[in-house]
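Architecture at a glance
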Amino acid sequence: MTVESSAARKPRRSAAGKAGTTGTKRTTRSTAKKSTDPELVQLLTPEGKRIANAEYDGYVDGITPEDLRGLYRDMVLTRRFDAEATALQRQGELGLWASLLGQEAAQIGSGRALRDDDYVFPTYREHGVAWCRGVDPTNLLGMFRGVNNGGWDPNSNNFHLYTIVIGSQTLHATGYAMGVTKDGADSAVIAYFGDGASSQGDVAEAFTFSAVYNAPVVFFCQNNQWAISEPTEKQSRVPLYQRAQGFGFPGVRVDGNDVLACLAVTKWALERARAGEGPTLVEAYTYRMGAHTTSDDPTRYRHDDERAAWEAKDPILRLRRFLEASNHADEGFFAELEAESEALGKRVREAVRAMPDPDHFAIFENVYADGHALVDEERAQFAAYQASFADEGGH
C-alpha cells in the first residue's frame, strides 16, 4: 500500500509545471519524489495475506483466532454505529456528525493496544477508540444532538471528552503525560489528531514540550488524506511522520487500513513511552471514505476514482479475507455478527430518539454575564423565526 492520494486524482500543476520550466526539471522533480516515498509498516496486505515484519511481528505473535475475531467485530460494530449516526443526522435527529468510515483499523488497532491505565485524548472522530475504551456509543451522540457537552465521565474510562478545537488536545495530552511522569506512574498517554491538525501551532508546541520533558505520550495522526477540502500535499512538503525528526523523537508511518499493523506499532510506541523513552509520532496512512462531516460535500473537491482505489484496501474486508483464508471464522460467526450489528443500530436509533430536544435558546444564555443588547435582538429574531413554523392552531 504505497499509492499516494494524488495517484488516483487528476494531476495538479506544481511549481515545476509552470511556464518557463523545462521538461527535464519536471522529470527530475517527479523522480526525486518517487525515490523518497516512504514505506509503510504493513502486516496484512489488502488481499488479506499475512506478511512478515521482523521489527513488529513480536507485538502480535501472541494474537489468537479469538483475538482476531474480536478485532473484526470491533470494526464491524463501529462502522454500523457510525452509519446509523450519519443516517440519524440526515433525518434531523443530530445537528452534525463526523464519520470515521474507512478509518476503523487505525482506531481499533491503536485502541486495543492501550492498557486500562493509559489515558486517551481524542478529537471528535474517535468513535472506534471510544468503543475500545468501553464508552457506550449512545453517550457520544448527546453533544451532536446539542443536549450536552459530552455524555460520559472521562475518568471512568480514561477517555477524555471529544475536543472540537483543532489540535488543542495534543497540548492537553502532553501536560497530562508530564504529570504522569511527576507522579511516578508507568502509564502512557495517547493523543489523536488528523493530518490537517498537524499544521496547527498547538501540535508543534506539544511536540516541543513532550520532547524536552521526555513525556510518555504517543501522538497518533490519522492521515486520511484530506483536511476538509485540502489535500495532504498542501499541508506538508514531507511525509507527516518525518516531522518528528525535527523535534528529536521517532516517527513511523503505518498502514492505517491494516488493523494488525496499527496494533503492533501502537504497542511499540506505548512501550517506549512507559519505559521512559519519550514521545513517538505514529502516522496512520488511511483514507476518509465519507465527508469530513455531514455538512461537507466531498464531490466538490475529490474524484470518485480516488475513493474507488481506496475501497479496494478496505480495512474490514482485508481482515475478513484473512480470517476466511486462515479458517479462523465461519459463516455462522459472520451471520451472528450481522444480527448483533443490526441490534446495535436499533438500540442507537431508539436511544437518540428518546433524548430530549435541545434548548433552542440556550445558545444565547451564556454569551455575556450581564446581558447584551445585540444578543437580546438576535434572541428576539430567532424566537420570531421559530414561531413562523407554528401553524394557525398554534401547534
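Our structure is the block above this text.
Report follows, based on the coordinates. Every value quoted in this text rests on a predicted model; they were computed, and no experiment measured them.

**A look at the overall build of the protein**
Per the secondary structure count, the protein includes 13 helices and 7 strands. Out of the 395 residues belonging to the protein, those deemed buried represent 48%. A separation of at least 24 residues holds for 75% of the contacts in the protein among residues at least 6 apart in sequence.

**Overview of the packing of helix α3 (residues 104-111) against helix α9 (residues 259-274)**
One can describe the packing of α3 onto α9 by two numbers: an axis separation of 7 Å at closest approach and a directional angle of 40 degrees. Relative to α9, the element α3 lies oblique. Pair α3 / α9 crosses with right-handed handedness. Between α3 and α9, the residues in contact are Ala105, Ala106, Ile108, Gly109 and Ser110 and Val259, Cys262, Leu263 and Thr266, respectively.

**Quick word on the sheet that holds strand β6 (residues 251-255)**
Taken in spatial order, the 5 strands of this open sheet run β1-β2-β3-β7-β6, and their pairing is parallel. Pairing within the sheet leaves two strands with one partner each, and these edge strands are β1 (119-121) and β6. This sheet shows a mean twist of 20 degrees between the axes of neighbouring strands, independent of strand direction. Relative to strand β3 (residues 217-223), strand β2 (residues 189-194) is paired through 6 bridges, and the arrangement is parallel. What sits directly across from glycine 194, in β3, is glutamine 222. Of the strands in this sheet, β1, β2 and β3 are in contact with helix α7 (residues 168-183), which crosses β2 at around 170 degrees.

**A closer look at the packing of aromatic side chains**
Per the counting criterion, the structure on display carries 29 aromatic pairs. With a centroid separation of 6.4 Å and an interplanar angle of 35 degrees, the aromatic rings of phenylalanine 382 and tyrosine 385 are classed as tilted. Placement of the pair is phenylalanine 382 and tyrosine 385 together in helix α13 (residues 373-387), with a separation of 3 residues, close to one helical turn. Of the residues examined, phenylalanine 382 reaches a relative accessible area of 24% and is grouped as partly exposed. Ring geometry for tyrosine 385 against phenylalanine 389: centres 5.0 Å apart, planes inclined by 85 degrees, an arrangement best described as edge-to-face. When its relative accessible area of 56% is taken as the criterion, phenylalanine 389 is described as exposed. By the ring-pair criterion, three or more aromatic residues cluster together here, those being Phe81, Trp97, Phe144, Trp152, Phe159 and Tyr162.

What counts, and where the lines are drawn
- Residues numbered from 1 in each chain as written.
- Predicted model: local features only at pLDDT ≥ 70, side-chain atom pairs only at ≥ 80, totals over all residues.
- Heavy atoms only, no water.
- Helix = DSSP H or I, 4+ residues; strand = E, 2+ residues; numbered from the N terminus.
- Buried < 20%, exposed > 50% of the residue type's maximum accessible area, 1.4 Å probe, protein only.
- Contact = heavy atoms within 4.5 Å.
- Axes fitted to C-alpha atoms, helices over the stretch in contact; angles between N-to-C directions.
- Parallel < 35°, antiparallel > 145°, perpendicular 65-115°, else oblique.
- Left-handed = near helix turned anticlockwise from the far one by under 90°.
- Pairing = 2+ DSSP bridges.
- Phe/Tyr/Trp six-rings, centres within 6.5 Å; stacked < 30°, edge-to-face > 60°.

Limitation: the analysis is restricted to geometry and does not speak to function.
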